[in-house]
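Here's the letter readout for the chains.
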Amino acid sequence: MNTSVVIRGTLPSRRRGHEPDAGESPPHPAPSARIPRIARLMALARHVDELVRSGTVASYAAAARLGRVSRARMSQIVGLLNLAPDLQEQLLFLEHPTHGRSTPVLRQVLTVAAALDWNEQRRRWRRLRRAARQHQAAVP
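Residues numbered from 1 in each chain as written. Predicted model: local features only at pLDDT ≥ 70, side-chain atom pairs only at ≥ 80, totals over all residues. Heavy atoms only, no water.

> Kindly report on the overall build of the chain, identifying the contributing residues and their values.
Assigned secondary structure in the chain consists of six helices and zero strands. Scanning the chain from its N terminus toward the C terminus, one meets helices and strands in the order α-α-α-α-α-α. When the 140 residues of the chain are sorted by exposure, 27% land in the buried category. The long-range share in the chain, meaning contacts at least 24 apart out of those at least 6 apart in sequence, stands at 63%. (Helix = DSSP H or I, 4+ residues; strand = E, 2+ residues; numbered from the N terminus. Buried < 20%, exposed > 50% of the residue type's maximum accessible area, 1.4 Å probe, protein only. Contact = heavy atoms within 4.5 Å.)

> So what about the environment of D86? Which residues, and what values?
Looking at the secondary structure, you find D86 in helix α4 (residues 85–92). Counting along the chain gives 32 residues from D86 to W118, while the straight-line C-alpha distance between them is 9.6 Å. There is a polar contact of 3.0 Å between the side chain of D86 and the side chain of R122. (Polar contact = N/O pair within 3.5 Å; in protein donor to acceptor, adjacent residues only side chain to side chain.)

> Quick rundown of unusual backbone geometry? Include the residues and the values.
In the Ramachandran plot, R68 falls in the positive-phi region, its phi being about 55° despite a non-glycine side chain. Along the chain, the position of R68 falls in the loop between α2 (60–67) and α3 (71–78). Overall, the relative accessible area of 78% leaves R68 in the exposed class.

> Help me get a handle on the pattern of salt bridges, residues and values and all.
The final tally for this structure, using the stated rule, is five salt bridges. For D49, the salt bridge is made with R53, and the minimal N-O distance between the two is 2.8 Å. Placement of the pair is D49 and R53 together in helix α1 (residues 37–54), with a separation of four residues, close to one helical turn. In this structure, D86 and R122 form a salt bridge, with 3.0 Å as the shortest nitrogen-oxygen distance. (Salt bridge = Lys/Arg side-chain N within 4 Å of Asp/Glu carboxyl O.)

> Describe the side chain of Q88, and please don't skip the residues or the numbers.
If you trace the backbone, Q88 turns up in helix α4. The buried category is assigned to Q88, whose relative accessible area is 7%. At a separation of 2.8 Å, a polar atom in the side chain of Q88 contacts the side chain of R46. Apart from the residues lying within four places of it in its own chain, the contact partners of Q88 are M42, R46, L80, L81 and L83.

> An account of α1 is needed here, citing residue identities and associated values.
Helical geometry note: an α-helix holds 3.6 residues per turn, so side chains three or four residues apart project in the same direction. Compared with an ideal rise of 1.5 Å per residue, which puts 18 residues at 26 Å, α1 spans 26 Å between its outermost C-alpha atoms and is within 8% of the ideal. The set of residues buried in α1 consists of I38, A39, L41, M42, A45, V48, D49 and V52. At its buried positions, α1 is contacted by α2, α3, α4 and α5 (106–113). At the C-terminal side of α1, G55 shows a positive phi close to 90°. (Expected span 1.5 Å × (residues − 1).)

> Describe in detail the nonpolar core, supporting the description with residues and values.
Grouped burial of nonpolar side chains is what soluble globular proteins tend to show. Core analysis: the largest hydrophobic core is formed by 17 residues, its most contacted members being I38, L80, L83, L91, V109 and W125. Not counting residues within four places of it along the chain, the set of residues in contact with L83 comprises Q88, L91, V109, V112, A113, W118 and Q121. Counting eight residues, the second-largest nonpolar core is a separate cluster that includes V57, A62, M74 and V78. (Core = buried A, V, L, I, M, F, W, Y, C linked by side-chain atoms within 4.5 Å.)

> Break down the side chain of Q121 for me, with residues and values.
By the secondary structure assignment, Q121 is in helix α6 (residues 118–138). Take Q121: its relative accessible area is 1%, and that puts it in the buried class. Of the polar contacts made by the side chain of Q121, one reaches the backbone nitrogen of A84; its length is 2.7 Å.

Now the structure itself:
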């Protein structure tokens, strides 16, 4: 049986850089702080995992095709799920630094996730965060 889905709604027709007229409502305010990329990737990993587990998406390979990324890249993203739950939570709630780049990048976090023991992961995470703080303090 072939069922069709109809979605009805309106899309805003405002162009970038277009100033709203006096009668138009102002655009949505920008969020106060940017979300670190690694936090967005962690949220994506959890979301994709939920889609695969619920059967909405057949496999991680299918999710990679839908997201237009390679299977290897999807593997890297989903590899974040190997982190201890408390480390996943820390990644999700990371704050963007006021200046510089002190948030960890995917490559660094994947080296933490590569450890099978959660206690070892926590040790690696502390080392990574300590090195980031020292680097941020050294940069004027």
